[in-house]
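Here are the chains, one letter per residue:
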Amino acid sequence: MKVPFLDLKIQYREIEQEVLPMVTDAMENASFIGGPQVSGFEEEFASLCDSKFCVGVGSGTDALRFALMAVGVGPGDEVITVPNTFIATTEAISQVGAVPVFVDIYPDTSNIDFFQIEDKITEKTKAIIPVHLYGQPADMDPILDIAKRHDLVVIEDSCQAHGALYKGKKAGAMGIAGCFSFYPGKNLGAFGEAGAVVTQDDEIADKIRMIRDHGQEKKYFHQIEGYNGRLDAIQAGVLRIKLKRLGAWNRSRRENAAYYNELLSEIPGVTIPVEADFAVSVYHLYVILIDDRDRLQQFLGDKGIATGLHYPAPLHLQKAYAHFGFKEGAFPVTENVAGRLISLPMYPQLSKEQIEYVAESIKEFMNNK
Ligand SMILES: *Cc1c(COP(=O)(O)O)cnc(C)c1O
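Calculation rules
- Throughout, a residue's number is its position along its own chain's written sequence, starting from 1.
- At least 70 in pLDDT is required for a residue's local features to be given in this predicted model, at least 80 for side-chain atom pairs to be given and counted, and no such filter applies to totals for whole chains, interfaces and linings, which use all residues.
- As a rule here, side-chain values cover all heavy atoms of the structure and leave hydrogens and water aside.
- Only buried residues count toward a nonpolar core, which is a set of Ala, Val, Leu, Ile, Met, Phe, Trp, Tyr and Cys residues joined through side-chain atoms within 4.5 Å.
- In this scheme, a residue with accessible area under 20% of its type's maximum is buried, one over 50% is exposed, and one in between is partly exposed, where area comes from a 1.4 Å probe on protein chains only.
- Helix and strand definitions here come from DSSP, where helices need a minimum of 4 consecutive H or I residues and strands a minimum of 2 consecutive E residues; each element is numbered from the N-terminal end.
- In what follows, a contact means two residues having at least one pair of non-hydrogen atoms within 4.5 Å.
- Pairing between strands is defined by DSSP: at least two bridges between them are needed.
- Here an angle of 0 to 180 degrees is reported between the N-to-C directions of two axes, which are lines fitted to C-alpha atoms, with helices fitted over the stretch in contact.
- Any angle between 65 and 115 degrees counts as roughly perpendicular, while under 35 counts as roughly parallel, over 145 as roughly antiparallel, and the rest as oblique.
- The crossing is said to be left-handed when, going from far helix to near helix, the turn is anticlockwise and less than a right angle, and right-handed when the turn is clockwise.
- Residues were grouped as follows: Ala, Val, Leu, Ile, Met, Phe, Trp, Tyr, Cys and Pro as nonpolar; Asp, Glu, Lys and Arg as charged; and all remaining residues, including Gly, as polar.
- Think of a salt bridge as a Lys or Arg side-chain nitrogen and an Asp or Glu carboxyl oxygen that are within 4 Å of each other.
- Consider each residue's heavy atoms; a residue with any of them within 4 Å of a molecule or strand counts as near.
- We call two N or O atoms a polar contact when they sit within 3.5 Å, provided that within protein one can donate a hydrogen and the other can accept it, with sequence-adjacent residues counted only if both atoms are side-chain atoms.
- The method behind every accessible area is Shrake-Rupley, applied with a 1.4 Å probe, and residues are considered shielded solely by the protein chains displayed.
- Counting rule for disulfides: a pair of cysteine sulfur atoms within 2.5 Å.
- By convention here, the domain bounds are inherited from an automatic or database domain assignment.
- Note: buried area is the sum, over both parts, of the accessible area (probe 1.4 Å) each one loses when the two are combined.

Side note on the nonpolar core
Inference 1: One finds Ile 80, Ile 112, Ile 117, Ile 128 and Ile 143 to be the most contacted residues of the largest nonpolar core, which totals 32 residues.
Inference 2: Elements supplying a minimum of two residues to this core: helix 5 (140–150) and strand 13 (286–289).
Inference 3: At 4 residues, the largest contribution of residues to this core is made by helix 5.
Inference 4: Setting aside its immediate chain neighbours within four residues, Ile 143 contacts Ile 112, Phe 114, Ile 117, Ile 128, Pro 130, Ala 138 and Val 154.
Inference 5: Residues Ala 257, Leu 300, Val 358 and Ile 362 belong to the second largest nonpolar core, which totals 27 residues.

Details of the pairing of strand 13
Inference 1: Of the two faces of strand 13, the one lined by Tyr 286 and Ile 288 and the one lined by Val 287 and Leu 289 are each fully buried.
Inference 2: Where strand 13 and strand 14 (residues 341–344) come together, 4 bridges link them in antiparallel fashion. The partner of Val 287 across the bridge, within strand 14, is Ser 343.

Digging into the packing of helix 3 (residues 60–70) against helix 6 (residues 202–211)
Inference 1: The geometry of helix 3 relative to helix 6 is characterised by a closest axis approach of 9 Å and an angle of 125 degrees between their N-to-C directions. One element, helix 3, and the other, helix 6, form an angle in the oblique class. Crossing geometry of helix 3 relative to helix 6 is assigned as right-handed. Here Phe 66, Ala 67, Met 69 and Ala 70 of helix 3 lie close against helix 6, whose contacting residues are Ile 204, Lys 207, Ile 208 and Ile 211.
Inference 2: Here the residues of the contact of helix 3 with helix 6 are counted per class, giving 7 nonpolar, no polar and 1 charged.

Section: the pattern of salt bridges
Inference 1: As enumerated under the stated definition, the model contains 16 salt bridges in all.
Inference 2: Where Arg 295 meets Asp 292, a salt bridge forms, and the shortest distance between an N and an O atom there is 2.7 Å.
Inference 3: On the basis of relative accessible area, Asp 292 is assigned to the partly exposed category, the value being 30%.
Inference 4: A single salt-bridge network, built from bridges that share partners, covers Glu 18, Lys 244 and Arg 245.

A word on the site of the ligand
Inference 1: Gly 60, Thr 61, Gln 160, Ser 181 and Lys 186 are the nearest of the 14 residues found near the ligand.
Inference 2: Between Gln 160 and the ligand, the recorded distance is 2.9 Å, taken from a side-chain N or O atom to an oxygen atom.
Inference 3: Within the contact set of the ligand, an oxygen atom lies 3.0 Å away from a side-chain nitrogen or oxygen of Lys 186.
Inference 4: Isolated, the ligand exposes 380 Å² of accessible area, and the fraction of that covered by the protein chains is 93%.
Inference 5: Looking at the shell around the ligand, the elements with two or more residues in it are helix 3 and helix 4 (88–95).
Inference 6: Per-class residue counts for the shell around the ligand are 5 nonpolar, 7 polar and 2 charged.

Observations regarding the state of the cysteines
By definition, a disulfide links the sulfur atoms of two cysteine residues through a covalent bond.
Inference 1: For the structure on display, the rule yields 0 disulfides.
Inference 2: Lacking any disulfide linkage, Cys 54 is separated from the closest cysteine sulfur, that of Cys 49, by 7.0 Å.

Concerning the domain arrangement of the protein chain
Inference 1: Domain boundaries assigned for the protein chain yield domain 1 (8–240) and domain 2 (246–367).
Inference 2: In this complex, domain 1 contributes 45 residues to the contact, which on the side of domain 2 involves 33 residues.
Inference 3: Three residues stand out in domain 1 for area buried against domain 2, namely Phe 102, Tyr 134 and Asn 187, and they jointly supply 23% of the buried area on that side.
Inference 4: For the pair domain 1 and domain 2, the number of links is 0 salt bridges.
Inference 5: Applying the counting rule to domain 1 against domain 2 returns 20 residue pairs in polar contact (both at pLDDT 80 or more).
Inference 6: Taken together, the elements giving at least two residues each to the side of domain 1 that touches domain 2 come down to helix 1 (8–28), helix 4, strand 3 (99–102) and strand 6 (165–166).
Inference 7: For the side of domain 1 that touches domain 2, the class distribution of residues is 23 nonpolar, 14 polar and 8 charged.

The following block contains the structure:
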């Protein structure tokens, strides 16, 4: 049996009949940038996120960068985030001229440890970016409380958490802005690059609309220098077709995670993911912890099971951040988890038989260690 890590080809077969006429229509009307598909998607995605506004942009990285710019984070400012995220989070911070300041994570959820945030706040701190890793929201209430007390803004990196809930509230809707990626492999994925910012604040929404379009309020009249960071009409059309299925797909992911949990919890030495009481995760990734991770990955690969590592090297130890001078041991929880994590195949259309095959293979590995 072959178990891919992710199967976007079966997903396409589910929506092909709707996608093809949409693409033809866009071609025939030469409607490529902006237009009714983009505004339609923005309305529908804002509604999914219980947010007043959604502004479609070119990628999740654009979303983070534009949100930081729109709230006024710039040169000399510090932004608190985690070292166990995709580098886009910290790239966005550096690219607006600010400095990322890392805080370690909880071992169980792998999300930011809010107990450690206040130690890192200085006069230069302007924002906190919690990352809702693997589809599970960070513990937002204490984070929002700390931000309020220190006059900071919270920008949610929701790039892995489309539709996830924190105490009944939507991921992305709790901070001043929520940033989403629609990279093809995300829970809601385009057929190329795409992203969005959601917010309740009309000034921030207006600013991001300007930033994504070269700083222009109307054509060729530029209030500021911006970016070329718009959402394409065809991508918006694809996202609208998939958005109708996101709820069902997220439910399937949760069912798959529950079945993995049931089968894997019986195997000694395997730590299954923890879903916090306050969270409804959308399982963008299903990540277990295990000693001897590299050998397990090889063993599963030999059996036709594709896996991933999210993420094998913490950001503070990357060459790109050597100038910060961090040594091993600086963020012990992140470093410990990075050496033991492995992401198992996870997507809505994964079959029970495939999950059983993955679990049996892990059992076989553990028994023969
Ligand atoms: C995917 C992702 C991003 C970046 O999104 P792109 O659309 O690839 O630019 C940022 N942060 C996290 C946590 C992500 O998973």
